[in-house]
Amino acid sequence: MFMQKIRRATRKHRKVLLIVVIVLAVGLVGSFAVWNSDNYGNNNGADMTIDEQIALYEDYLAKNEPAADAEVDYSTAASMAETYMSLRSLYYQAYYQIAAEDADAGAQYYTQSVVAAGKAAAYYQKQLAGAPENLNDYGKAQIIASQAQALAFTGANDDAKALFEQALALSPDNYDAAGKYLEFVSINEGLEAARAYADSYMALVGESSEYYAQMEQAISYYELLEQLQNTTDELQQEENNTDDAGADEADTDSGADDPQ
């Protein structure tokens, strides 16, 4: 049963993987630079394997994560949340790469990605709880949307959607929250629903806003992903049909030579 869930997750989250690869290409190097210590500052994520990057993050967390019963301030909570989200992405990449060849190893990476997302969600909650009094609704909305995204990666979609709605109620024009919500809708509700939300957001901010063009580019990106996914599915179906036809032909040939 668990392995069936893993296989379904692989199909469901192909778009997520494409997004993750692009985000990590930009984000990981920056994350390593921020750490800037003897152990971490001299590493270049672009030259490392996924397992090496995972090990680096795990080592960093082992040495720097606050104790479970410790008070966590706003900035520390923010840093831990983002670190766990980056680690979640790496676990998911590793899962996707290995699941077809080693289902057990894939399941382990997938489970680790869910656990990391859950820890990130908890730290986002601590970040929000420790937010300074002068943090405006725009800033609060970004934290809530980040927590919603993390929860979505754990499979808690109802809770995630409620948080997204809360974030966008606080700050309807917040592009960071809107972009995360667009991804959530695209993955869980489909391209048509994502397009409808994108259109409503663009109508809200107006053509003069820089966010109008950014949202337009974002939905175009998801439309492209949908086209690529459809093409991939068609090619896979053709390959499956060819394999089935070849197997049937082989069975027929084998049967012709069998003694009666």
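Attention in this report is confined to the structure presented alongside it.

At a closest axis distance of 8 Å, the pairing of helix α6 (residues 137-154) and helix α7 (residues 157-170) adopts a crossing angle of 165 degrees. Comparing the axis directions of α6 and α7 gives the class roughly antiparallel. As for how α6 packs across α7, the hand of that crossing is left-handed. Facing Asp 137, Lys 140, Ala 141, Ile 144, Ala 145, Gln 147, Ala 148, Gln 149, Leu 151 and Ala 152 of α6, the residues of α7 in contact are Asn 157, Asp 159, Ala 160, Leu 163, Phe 164, Gln 166, Ala 167 and Leu 170. Split by residue class, the contact of α6 with α7 holds eleven nonpolar, four polar and three charged.

Along the chain, the position of Gln 127 falls in helix α5 (residues 103-129). Note on Gln 127: relative accessible area 8%, which makes it buried. Residue contacts for Gln 127: discarding those within four places in its chain leaves Tyr 74, Ala 77, Ala 78 and Ile 143.

Applying the stated criterion across every chain, the model contains five salt bridges. We note a salt bridge from Asp 59 to Lys 63, for which the minimum N-O separation is 3.4 Å. With Asp 59 and Lys 63 both in helix α3 (residues 50-64) and four residues apart, the pair spans about one turn of that helix. The exposure class assigned to Asp 59 is partly exposed, which follows from its relative accessible area of 29%. Several salt bridges share partner residues, and in doing so they unite Arg 195, Asp 199 and Glu 223 into one network.

Enumeration over the complete set of coordinates arrives at twelve aromatic pairs. Summarising the aromatic geometry, the rings of Tyr 175 and Tyr 211 are spaced 5.5 Å apart at their centres and angled 0 degrees between planes, so their arrangement reads as stacked. Of this pair, Tyr 175 sits in helix α8 (residues 175-188) while Tyr 211 is found in helix α10 (residues 210-257), placing the two residues 36 residues apart along the sequence. Tyr 175 sits in the buried class, given a relative accessible area of 19%. Since its relative accessible area comes to 23%, Tyr 211 is described here as partly exposed. Among the aromatic residues, those joined into a cluster by ring pairs are Phe 164, Tyr 175, Tyr 181, Phe 184, Tyr 197, Tyr 201 and Tyr 211.

The rules behind the values
- Residues numbered from 1 in each chain as written.
- Predicted model: local features only at pLDDT ≥ 70, side-chain atom pairs only at ≥ 80, totals over all residues.
- Heavy atoms only, no water.
- Axes fitted to C-alpha atoms, helices over the stretch in contact; angles between N-to-C directions.
- Helix = DSSP H or I, 4+ residues; strand = E, 2+ residues; numbered from the N terminus.
- Parallel < 35°, antiparallel > 145°, perpendicular 65-115°, else oblique.
- Left-handed = near helix turned anticlockwise from the far one by under 90°.
- Contact = heavy atoms within 4.5 Å.
- Nonpolar A, V, L, I, M, F, W, Y, C, P; charged D, E, K, R; others polar.
- Buried < 20%, exposed > 50% of the residue type's maximum accessible area, 1.4 Å probe, protein only.
- Salt bridge = Lys/Arg side-chain N within 4 Å of Asp/Glu carboxyl O.
- Phe/Tyr/Trp six-rings, centres within 6.5 Å; stacked < 30°, edge-to-face > 60°.

Don't take any of this as a statement about function, it's just geometry.
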